[in-house]
Amino acid sequence: MIDREWGDIFSGFAGEQGDLIPILQRVQEKAGYITKGAIEAISQFLKISENQIFGVASFYSQFRFTEPGRNSIKVCMGTACHVRGGQILGDVLERELAISAGQTTEDKRFDLQRVACLGCCALAPVIQINDDIYSRMTVIRLKEVLEKYE
Amino acid sequence: MNSLQKAKQEARRKWDLLKNSKIPIIYMGTATCGRAAGALEVLESVKKILREKRLKAKIVQVGCIGPCYLEPLMDITMPGRPRISYANVNSEKAKKIIESLLIKNDPQTKLAVGHFGDESDEFTNGIPRFFDLPMLKPQERVVLRNCGFIDPQQIDHYLANDGYLGIINAFHKGWQKVICEVQEAGLRGRGGAGFPTFKKWQICRSSPGKTKYLICNADEGDPGAFMNRSLLEGDPHSVLEGMLIAAYAIGASQGYIYIRAEYPLAIARLKRAISQMREYGLLGKNIQKSGFDFDIVIKEGAGAFVCGEETALISSIEGKRGMPKSRPPFPAVAGLHGKPTIINNVETLGTLPNILRNGATWYKQFGTQGNHGTKTFSLVGKIRRSGLIEVPLGMTLRQIIFDIGGGTRKPFKAVQTGGPSGGCLSEEFLDTPVNYESLTAAGSIMGSGGLIVMDEDTCVVDVAHYFLDFTQQESCGKCSPCRVGTRHLVEILERITKGQGRPEDLSKLQTLGETIKRGSLCGLGQTAPNPVLTTLRYFRPEYLLHIKEKYCPAAVCRELVEYRVVPGKCTGCQRCVSVCPTGAITGPRAEPHNLDPTKCIKCRACYEICRFDAIAGDAIVIRSRREVADEQTQ
């Protein structure tokens, strides 16, 4: 029997393999990350093995397997951002938050990711916190921007 | 008169009402790039000003018009006057402009960047025409014709501007003639490879089987490219109409849009546009009584660069790991679920309505023999006027970078075309015409349209390392030349940037690069070494300096750079002390500070904040451990 918690995750899906990625996306949207329980439930629903699901999920950079922080920081690693110092922003953030990219701070306030191009290249370098995009970012502005998020 | 014609008439009536509005209209560019520059905050303060001053005006949110360096852009049309554009608007500036224009009828000539009238009148005197600005004048807007002018959320705006006329023409012509028209127009795939669109369609059309698929490839994965995002955000219906035309030509009944999840606004715009199409009878069964059935589903990508490759993209839609397959069979013969499938790029699809509306002869006026039409590019990097542009094929890189982009602030060094799969071209290639063949001959590719400009402050070895690091991480791992080869390239490049390069490294990079190109399964691996091979070819001395002298002339490679305080310039203001994340800078107020290089992480914060040019970044010669040890013992 499929766990009740995950029942509504599957509404609207036919139960074909092609549904796997959209279902994983829905799980991540709801739970913030791909939980073990979710993989079990998906396995029952789509009738494919948990290994196979993990194999697909781990292939794509969108999916995470650890709990995210209350605020998600994404540092753009696009070419334009690189040329304009995006790498440095990432390094300083790692230092400031005392975590590496892909991790969450102990107080769960922030998680940090280095992501592929966000598509605001003309305004590089860019970082995104939750849904807010900060353009022409500098190391100096980082601190005050972080303070806005609790 | 059928329902679409009625809808069109109604749309035109509404559009005319807007154009002849009795109250002022304020246009805000609120695409992702505008938002990143703060357009939404400006929009809120505009609303507040209108409320407070009890001013009547209509606000229209539009997509990106192109010159991103001017964002946020706010345009205002006063009744009976041409639309005037204001750049880099913040809340304060918006207030000033609105008060002056709406209350005193004064267009604030000094703050305006351009107007959209036919010629200057007494009202717009002193303001240039927007399309006469140096960045806009050499451009030809075909695909982007509506971006910045229509509200992308209103299908009526699209309809009023000859929207969906292309598909109606296609229905009248019949599918054979649609393919002929596209053949005659000479349209080549805008995703980068430049394969003739009609040929791909013909193969699919003649493949047996009733079920066929059309996929719109909106997985714009090249870092530094945002042409597709802008088009989807600014004029989604043009791409959707293109999908109808392509599907009708190949006989597909189901369409997919494979779009990056990193583009939430574009996805929202598409979803809304698709539901509007249903409402207007442009999707579903027997569309506009043509006997043609078609529907569209959006598939969000999950972040894998390799999924831009056709067979990998198909695997991803099927819910598998996005790994490419060897071809043949080509997707046009056996693609999604084994059925004939056509994958066209966003821009290719966005071009189709224009060809079907105006005819192949009209389209061929742009571009050159064999390379007809226009191409959009995102012009970014160390360039004065960055943004989204559309130019006829055959324009030279010099015209694009210097006439349109205004050149670089510091001396020009290189331009990367085609993203991570492309090459880094030096100054001698500036007069190369931008077309599929000449870019390939130079060792680069056209690609989807990212143009990253670099000046002398950019280190090409670092850039090559950056791209290879990217492709290595994105390599799917299926074939070993790409999986293992790119890793080795990265390792060698990394040691060169750290000042640990060896004399034999250059020939190693060369042979390895060529082997990866020849041996890889898909386009990712076959093009991945391009950034290394082109920089080796055109910037060899810079590699040699890194290896032999341990010297990075651009002062970028961090291990080869040291920062210091220039005592004669430092006023002791302590601004750098307050921003230094590691406490490397010390010193009392009003006395020249001291920078401890052992604590410095080279984040450049001090360099950026200093008002007196008192922080210098020197490219230093790294000494070997033995040299240092020898010195200490002496």
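Rules used in this analysis
Residues numbered from 1 in each chain as written. Chains lettered and ligands numbered in written order. Predicted model: local features only at pLDDT ≥ 70, side-chain atom pairs only at ≥ 80, totals over all residues. Heavy atoms only, no water. Helix = DSSP H or I, 4+ residues; strand = E, 2+ residues; numbered from the N terminus. Rg over C-alpha atoms; globule rule 2.2 N^0.38 Å. Buried < 20%, exposed > 50% of the residue type's maximum accessible area, 1.4 Å probe, protein only. Contact = heavy atoms within 4.5 Å. Areas by Shrake-Rupley, 256 points an atom, 1.4 Å probe, with all protein chains shown as cover. Phe/Tyr/Trp six-rings, centres within 6.5 Å; stacked < 30°, edge-to-face > 60°. Patch = residues over 30% accessible without salt bridge, like charges linked within 9 Å, V, L, I, M, F, W, Y side chains within 5 Å. Salt bridge = Lys/Arg side-chain N within 4 Å of Asp/Glu carboxyl O. Domains from an automatic or database assignment. Pairing = 2+ DSSP bridges. Axes fitted to C-alpha atoms, helices over the stretch in contact; angles between N-to-C directions. Buried area = accessible area lost by both parts, 1.4 Å probe. Polar contact = N/O pair within 3.5 Å; in protein donor to acceptor, adjacent residues only side chain to side chain. pLDDT = per-residue confidence, 0-100. Nonpolar A, V, L, I, M, F, W, Y, C, P; charged D, E, K, R; others polar.

For chain B, the count of helices and strands is 25 helices and 20 strands. Relative to the 2.2 N^0.38 estimate, which gives 26 Å for 634 residues, the radius of gyration of chain B is 27 Å and therefore close to what a compact globule would have. Within the span of chain B, comprising 634 residues, buried residues form 60% of the whole. For chain B, the proportion of contacts with a sequence separation of at least 24, taken over those separated by at least 6, is 70%. Counting every atom, chain B has about 25100 Å² of accessible surface; 49% of that belongs to carbon and sulfur.

To continue, consider the environment of Arg229(B). Mapped onto the elements, Arg229(B) comes out in helix α9 (residues 227-234). Separated by 37 residues in sequence, Arg229(B) and Ala266(B) place their C-alpha atoms 6.4 Å apart. In this view, Arg229(B) contacts Gly119(A), Cys120(A), Thr32(B), Cys33(B), Glu220(B) and Tyr263(B); residues no more than four positions away in its chain are not counted.

Counting across every chain of the model gives 20 aromatic pairs over all chains. Plain terms: the ring middles of Phe10(A) and Phe45(A) are 4.2 Å apart, the flat faces sit at 15° to each other, and that makes the pair stacked. Of this pair, Phe10(A) sits in the segment before α1 (20-31) while Phe45(A) sits in helix α2 (residues 36-46); the two residues are 35 residues apart in sequence, bridging distant segments of the chain. Per residue, the accessibility class of Phe10(A) equals that of Phe45(A), and both read buried. Considering the side-chain rings of Tyr158(B) and Tyr164(B), the 5.2 Å spacing of their centres and the 85° angle between planes classify their relative orientation as edge-to-face. Among the aromatic side chains, those forming a connected cluster through ring pairs are Phe116(B), Phe130(B), Phe131(B) and Phe149(B).

Here we come to unusual backbone geometry. Where the residue is not glycine, phi is negative for most of them; where a peptide bond is considered, it is trans in most cases. Going from Ala124(A) to Pro125(A), the amide bond is cis rather than trans, its omega being -5°. Positionally, Pro125(A) belongs in the loop between β2 (110-115) and β3 (127-129). In the segment running from Pro328(B) into Pro329(B), the intervening peptide bond is cis, with an omega of 0°. In this fold, Pro329(B) is placed in the loop between α12 (310-317) and β9 (341-345).

A word on a nonpolar patch on the surface. Where nonpolar side chains cluster on the molecular surface, the patch consists of Phe195(B), Ile203(B), Phe330(B) and Val333(B) and spans about 340 Å² of accessible area. Structurally, Val333(B) can be placed in the loop between α12 and β9.

Per the domain assignment, the segments of chain A are domain 1 (4-59) and domain 2 (71-147). The distance between the C-alpha centroids of domain 1 of chain A and domain 2 of chain A comes to 29 Å.

Another point: the pattern of salt bridges. Applying the stated criterion across every chain, the model contains 34 salt bridges over all chains. Of the charged contacts, one joins Glu122(B) and Arg81(B) as a salt bridge, the two residues approaching to 3.7 Å between their closest N and O atoms. Of the two residues, Glu122(B) is situated in the loop between β5 (112-115) and α5 (155-160) and Arg81(B) in the loop between β3 (74-77) and β4 (84-86); the sequence distance between them amounts to 41 residues. A single network of salt bridges, built from pairs that share partners, joins Asp91(A), Glu94(A), Arg114(A) and Arg558(B).

Another aspect to go through is the environment of Ala590(B). All names here are of chain B. Mapping Ala590 onto the fold places it in the loop between β18 (585-586) and β19 (594-595). Overall, Ala590 belongs to the exposed group, its relative accessible area being 57%. Taking the C-alpha atoms as reference points, Ala590 and Cys570, 20 residues apart in sequence, are found 8.6 Å from one another. Ignoring anything within four residues of it in the chain, the contact list for Ala590 reads Thr571 and Gly572.

All names here are of chain B. Taken together, the 5 strands give an open sheet; going across it, the order is β13-β12-β16-β14-β15, and neighbouring strands pair in mixed fashion. Since the sheet does not close on itself, it has two edges, and those belong to β13 (387-392) and β15 (423-426), each with one partner. Across this sheet, the average inter-strand angle for adjacent strands is 30°, counted without regard to direction. As defined by bridge partners, strand β12 (residues 374-381) adjoins strand β16 (residues 450-455) across 4 bridges and the pair is classed as parallel. Among the inter-strand pairings, Leu379 is bridged to a residue of β16, identified as Leu451.

Moving on, we come to the sheet that holds β3(B). All names here are of chain B. Here 5 strands make up an open sheet; going across it, the order is β2-β1-β3-β4-β5 and the pairing mixed. Only two strands of the sheet have a single neighbouring strand rather than two, namely β2 (58-62) and β5. Along the sheet, successive strands turn relative to each other by an average axial angle of 25°, direction set aside. Inspection of the sheet shows β3 paired to β4 by 3 bridges, in the antiparallel sense. When the sheet's bridge partners are listed, Asp75 is paired in β4 with Ser85. Contacting β1 (25-29), β2 and β3, helix α3 (residues 39-52) runs over the sheet at an angle of about 160° to β1. Where helix α4 (residues 91-104) meets the sheet, its contacts fall on β1, β3 and β4, and the angle it forms with β3 comes to roughly 5°.

In this complex, chain A contributes 41 residues to the contact, which on the side of chain B involves 55 residues. Surface buried jointly by chain A and chain B totals about 3700 Å² across both partners, of which 60% is contributed by carbon and sulfur atoms. Taken together, the links from chain A to chain B amount to 1 salt bridge. Counting across the chain A and chain B interface gives 19 residue pairs in polar contact (both at pLDDT 80 or more).

This paragraph deals with the confidence of the model for chain B. Mean pLDDT for chain B: 93, with 97% of residues reaching 70 or above. For this predicted complex, the interface confidence reaches an ipTM of 0.89, while the overall pTM sits at 0.92.

Here we come to the domain arrangement of chain B. Residue and element names in this part refer to chain B. Taken domain by domain, chain B consists of domain 1 (15-132), domain 2 (155-359), domain 3 (371-455), domain 4 (460-549) and domain 5 (558-619). Placing a centre on the C-alpha atoms of domain 2 and another on those of domain 4 gives a separation of 35 Å. Counting residues at the interface gives 11 residues for domain 2 and 9 residues for domain 4. Taken together, the two surfaces of domain 2 and domain 4 that pack against each other cover about 890 Å², and 78% of this comes from carbon and sulfur. Our count for the domain 2 to domain 4 interface comes out at 0 salt bridges. At the surface where domain 2 touches domain 4, the tally comes to 2 residue pairs in polar contact (both at pLDDT 80 or more). Per-class residue counts for the side of domain 2 that touches domain 4 are 6 nonpolar, 3 polar and 2 charged.

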